[in-house]
Amino acid sequence: MRPALLVLPLAAFILVTFVAPLAVMLGRSLYDPLVADALPETLRLLRQWDGERTPSEPVFETMAGELLKARRERTLGRIATRVNRVQAGLRSALLKSVRKLRSAPRPDSWREAMIAVDPKWAEARTWHAIRRAGERFTLRHYLHALDLDQAPGGGIIRQPPDLRIYLPLLQRTLAVSLGITLLCLLLGYPIAYLIANAPPRRANLLLLLVLVPFWTSLLVRTTSWIVLLQTQGVINDLLAAVGLIAEDQRISMIYNMTGTVVAMTHVLLPFMVLPLYSVMRTIPPLYMSAAASLGANFLQAFRRVYWPQTLPGVAAGSLLVFILAIGYFITPALVGGQSGQLISNMVAYHMQQSLNWGLAAALGGVLLGGVFLLYLVFNRLVGVDRMRLG
Amino acid sequence: MAEHGTGPLMDSSPKVHVEFEGVSKSYDGRTMVVRDLDLVVYEGEFLTLLGPSGSGKTTCLMMLAGFQVPTSGAIRIGGRAVDDLPPRKRDIGVVFQNYALFPHMTVGENLSFPLEVRGMDPQEIRKRVGGSLELVRLEGLEGRRPGELSGGQQQRVAIARALVFEPALVLMDEPLGALDRRLREEMQYEVRRIQRKLGVTVVYVTHDQQEAMAMSDRVAVFQRGRIEQVAPPEALYEEPEREFVARFIGDNNLLHGRVIGVEGDLCRVETGGQIVTAFRVVPCQVGDLVSVAIRPERVAVSPKPGLYGNELDARIDDIAFLGDHLRLRMTVCDSPDFIAKIPNIVGHGGVLEGDRVRVGWTLTDARALEPDESGEGFP
């Protein structure tokens, strides 16, 4: 019992800095009380609405009252943004209406007055949107994150192809992560083999070469890639100088997907090399000698004897690189340009630019769920207890 | 090195299987691990390379298997020089020190491996795997992994794997080193039984002289990269040619002295003020330094005067009772730690610690040998 108390500070730290923010953030993807708190009476009245015709006068009157109250409490802007996310165009309709109604004398009919300001108020879908924006617990962020939408009738439909953003991006992220994992494996396997089978002094030196970039600031490394890869960069200069490419045909290797893949492979390579090395170090070279004495050529010996024994390292390294790659943010942000962005960059965009935290959280939730799913599949196929992480 | 004696299998003009000719090996280009080595292994023979660690015996085995390349000299297998032949083409079965069974494969897969890489028909493979498991008495264990087997079982699998593709030559590198004593003795018998049954040539490496004696047709004794003597076990024990062999095989008493007279096969050696007459193994001359070796069990204490060719004065320093024999530690000719083993037939025989007694042995039980290079122990 007492030794367990020693980790209490760590547990508290993790709770405050990791678990709690994560829970709060994931909570935002499902719980959105802003509109529900601001328009409680309107939403209550809308519950009795038939869903087809324009709502009756009391609904308009109540909403006008609550909107004017929200304006006084300076939450109107945020409410308008929320509603606008459910249906584009409602932000201006809302703000315009409130502005007009506030300056005008109290009308005989709020209904007529508001429809006069913006005919959208006569449409049923407008009120469906308000009703949905008012859901306290909602799945609309997740639907949005998966390029789905709720049909007015209640069913779930796919967004039209030209509006699908997140699923293709998620697909691209998966494909790129898989590609980077494969590249890391291809590049890292021989390095790990070399280190594991070198005499101790040289092995330490080689290991250092793998680790030094690991210790260098990510920003510095990424910037170095910019210096190397940009159109006026070292590689293009070199290729142009020796005449391999014409001056006007310089290759764009950065600010696109190529840049993202190159830089991320470089950044993530140590995560592949280290687990591989730790596994390979435990495989005596004797096995390869034994295989040779039994009549196997190098390929047979490698495929049948060496490779299967390194699988726990391959699995660990691949899982590590893949999971890191799938959530990678800084490198694609710096060198990815338009076409090299990954799902995390979209999360960041919604966190920092569009301030749609609910959607950002839902995207994060989708990513987390996806990784968890992959992990389960992986565990079923390989067995995590067989992995050697380092 | 003269071939000394012939084993049981060498009576009808044996055929040479493996030949080392002037083989030297150096890993760093300065120190020689194996020095100018000549050795012949006959077909069907069980030859053991015996020596302390670092004496070059394993290096010889690895050169024969093809994992190491001789710095100079030639190795021939069946009359063909094998310098350019990679290990996989030598068709030699190797049993490694720690077995080197592939841990991720079952016993059956381990045994199939050499047959599969040879592209053998699956049905034939099954037959052969079954046959070789039967040979090492491990029927029914195909499905186990090496980690689930005992040390002795792993050893048997390793032997079966080295034999399953029917090589004519099998190399074993201290294969029993990791086993406990009882299992080791059982496996010695097993290895010997299998070798006799199949008639394969075995080159076996060990540092355990009892193991070498128990199993081999001939033993090559290694020291510092050279072969000191190659002979059947009996000959090594009874007729060692060099001091190192005399000391390494069994117990031996060594008296160091100078030759003062030579008469035919015999020589007279002056040591510690007394004269010992010994069998002249090396063609020594008067004035040469020699080591005289006498086996402890050939030493008689207080013998009837005139019965033995050698009779000397001795002082008993210590008596140990070891059940079937007594072990007397004596000082003879100023040499301490001279051991005599007295069979426990007549009890103590009346001797006590501190007694001054006469000790004796026959002329041929004393062997005058060329001393070790180091020359330690000489006045």
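Everything numeric in this text was worked out from a predicted model, so none of it was measured. (Residues numbered from 1 in each chain as written. Chains lettered and ligands numbered in written order. Predicted model: local features only at pLDDT ≥ 70, side-chain atom pairs only at ≥ 80, totals over all residues. Heavy atoms only, no water.)

**Student:** Is there a simple way to think about the domain arrangement of chain A in this case?
**Tutor:** When the domains of chain A are assigned, the result is domain 1 (34-134) and domain 2 (166-386). Between the C-alpha centres of domain 1 of chain A and domain 2 of chain A the distance comes to 51 Å. (Domains from an automatic or database assignment.)

**Student:** How do you make sense of the confidence of the model for chain B when you look at a structure like this?
**Tutor:** Detailed conclusions should not be drawn from predicted coordinates in areas where pLDDT is low. Residue and element names in this part refer to chain B. Looking at chain B, the pLDDT average stands at 88 and 94% of residues meet or exceed 70. In the predicted structure, residues 1-10 sits below a pLDDT of 50 and forms 24 contacts with residues beyond four places in sequence or in another chain. Across residues 375-379 the pLDDT falls below 50, and counting only partners more than four positions away or on other chains, this stretch makes eight contacts in the model. (pLDDT = per-residue confidence, 0-100. Contact = heavy atoms within 4.5 Å.)

**Student:** Is there a simple way to explain the interface of chain A and chain B in this structure?
**Tutor:** By convention, interface size is frequently given as the accessible area that disappears when the constituent parts associate. Taken together, the contacts link 16 residues of chain A with 19 residues of chain B. Buried area between chain A and chain B, both sides added, is near 1,700 Å², and the carbon and sulfur share of it is 69%. It is Ser293(A), Leu294(A) and Arg304(A) that lose the most area in chain A upon contact with chain B, and together they represent 41% of the buried surface on that side. Taken together, the links from chain A to chain B amount to one salt bridge. Linking Glu116(B) and Arg304(A) is a salt bridge whose minimum nitrogen-to-oxygen distance equals 2.8 Å. Applying the counting rule to chain A against chain B returns four residue pairs in polar contact (both at pLDDT 80 or more). Counting only elements with at least two residues in the side of chain A that touches chain B, the list comes to α16 (286-293) and α17 (298-326) of chain A. At seven residues, the largest contribution of residues to the side of chain A that touches chain B is made by α16(A). In terms of residue class, the side of chain A that touches chain B is built from nine nonpolar, six polar and one charged. (Buried area = accessible area lost by both parts, 1.4 Å probe. Salt bridge = Lys/Arg side-chain N within 4 Å of Asp/Glu carboxyl O. Polar contact = N/O pair within 3.5 Å; in protein donor to acceptor, adjacent residues only side chain to side chain. Helix = DSSP H or I, 4+ residues; strand = E, 2+ residues; numbered from the N terminus. Nonpolar A, V, L, I, M, F, W, Y, C, P; charged D, E, K, R; others polar.)

**Student:** Teacher, can you tell me more about a nonpolar patch on the surface here?
**Tutor:** On the surface, a nonpolar cluster with roughly 1,100 Å² of combined accessible area is contributed by Leu6(A), Val7(A), Leu10(A), Phe13(A), Ile14(A), Leu15(A), Val16(A), Phe18(A), Val19(A), Leu22(A) and Leu368(A). Here the nonpolar patch gets eight residues from one element, more than from any other, and that element is helix α2 (residues 8-30) of chain A. (Patch = residues over 30% accessible without salt bridge, like charges linked within 9 Å, V, L, I, M, F, W, Y side chains within 5 Å. Areas by Shrake-Rupley, 256 points an atom, 1.4 Å probe, with all protein chains shown as cover.)

**Student:** Where do I start with the sheet that holds strand β7 (residues 169-173) of chain B in this structure?
**Tutor:** All names here are of chain B. The six strands lie next to each other as β6-β7-β8-β3-β9-β10, forming an open sheet whose pairing is mixed. Whereas interior strands pair on both sides, the edge strands pair on one side only; in this sheet they are β6 (92-95) and β10 (226-231). Averaged over all neighbouring strand pairs, the angle between strand axes comes to 15°, with direction disregarded. One ladder, built from four bridges, connects β6 with β7; its direction is parallel. In the sheet register, isoleucine 92 faces β7, and the bridge partner there is leucine 169. Against the sheet, helix α4 (residues 151-163) touches β6 and β7, its axis set at about 170° to β6. (Pairing = 2+ DSSP bridges. Axes fitted to C-alpha atoms, helices over the stretch in contact; angles between N-to-C directions.)

**Student:** Teacher, can you tell me more about the sheet that holds strand β18 (residues 335-343) of chain B here?
**Tutor:** Hydrogen bonds along the backbone pair up the strands of a sheet, which may run parallel or antiparallel. Residue and element names in this part refer to chain B. The five strands are arranged β15-β19-β16-β17-β18 in an open sheet whose pairing can be described as antiparallel. Whereas interior strands pair on both sides, the edge strands pair on one side only; in this sheet they are β15 (300-301) and β18. The pairing of strand β16 (residues 310-321) with strand β19 (residues 356-361) spans six bridges and is classified as antiparallel. Bridge pairing in β19 places leucine 312 opposite valine 359.

**Student:** Got a minute to help me understand the pattern of salt bridges in this structure?
**Tutor:** It is possible for side chains of opposite charge to pair when their charged atoms get near one another. All names here are of chain B. What the rule picks out here adds up to 40 salt bridges over all chains. Note that arginine 315 is salt-bridged to aspartate 317, the shortest N-O span being 3.1 Å. Aspartate 337 is the partner of arginine 329 in a salt bridge, and the nearest nitrogen-oxygen pair spans 3.0 Å. Overall, arginine 329 belongs to the partly exposed group, its relative accessible area being 32%. Using a relative accessible area of 49% as the deciding quantity, one classes aspartate 337 as partly exposed. One salt-bridge network, held together by shared partners, links Arg137, Arg156, Glu186, Glu190 and Arg193. (Buried < 20%, exposed > 50% of the residue type's maximum accessible area, 1.4 Å probe, protein only.)

**Student:** Looking at this structure, I do not really get the packing of helix α2 (residues 107-116) of chain B against helix α3 (residues 122-135) of chain B. What am I missing?
**Tutor:** The description of two helices packed together rests on the angle between their axes and the distance between the axes. All names here are of chain B. In contact at an axis separation of 10 Å, α2 and α3 are set at 125° when each is read in the N-to-C sense. Considered as vectors, α2 and α3 are oriented oblique to each other. Taken as a pair, α2 and α3 cross one another with a handedness that is right-handed. When α2 is examined against α3, the residues Val107, Gly108, Leu111, Ser112, Leu115 and Glu116 are found in contact with a partner set consisting of Ile125, Arg128, Val129, Ser132 and Leu133. Split into classes, the residues belonging to the contact of α2 with α3 amount to six nonpolar, three polar and two charged. (Parallel < 35°, antiparallel > 145°, perpendicular 65-115°, else oblique. Left-handed = near helix turned anticlockwise from the far one by under 90°.)

**Student:** Explanation requested: the packing of aromatic side chains in the structure shown.
**Tutor:** Remark: the centre distance and the inter-plane angle together describe each pair of aromatic rings, the angle taken between the planes. Residue and element names in this part refer to chain B. The full count for this structure, using the stated rule, is 16 aromatic pairs over all chains. Seen in terms of ring centroids, phenylalanine 244 and phenylalanine 248 are 5.3 Å apart; in terms of plane orientation they differ by 15°. Their pairing is stacked. Taken together, the residues span about one helical turn, with phenylalanine 244 and phenylalanine 248 both in helix α8 (residues 243-248) at a distance of four residues. By relative accessible area, which is 8% here, phenylalanine 244 ends up buried. (Phe/Tyr/Trp six-rings, centres within 6.5 Å; stacked < 30°, edge-to-face > 60°.)

**Student:** I keep staring at the domain arrangement of chain B and nothing clicks. Help me out?
**Tutor:** Residues and elements named next belong to chain B. Domain assignment breaks chain B into domain 1 (8-243) and domain 2 (252-369). The distance between the C-alpha centroids of domain 1 and domain 2 comes to 39 Å. With eight residues of domain 1 in contact, the opposing surface of domain 2 contributes 10 residues. Between domain 1 and domain 2, a total of about 750 Å² is buried, with carbon and sulfur atoms accounting for 45% of that surface. Sorting the residues of domain 1 by area buried against domain 2 places Tyr237, Pro240 and Glu243 first, and these three jointly supply 65% of that buried surface. The interface formed by domain 1 and domain 2 holds one salt bridge in total. A salt bridge links glutamate 238 to arginine 298; its shortest N-O distance comes to 3.1 Å. Linking domain 1 with domain 2 are five residue pairs in polar contact (both at pLDDT 80 or more). Take the side of domain 1 that touches domain 2: its biggest share by element is three residues, from helix α7 (residues 233-238). Per-class residue counts for the side of domain 1 that touches domain 2 are three nonpolar, no polar and five charged.

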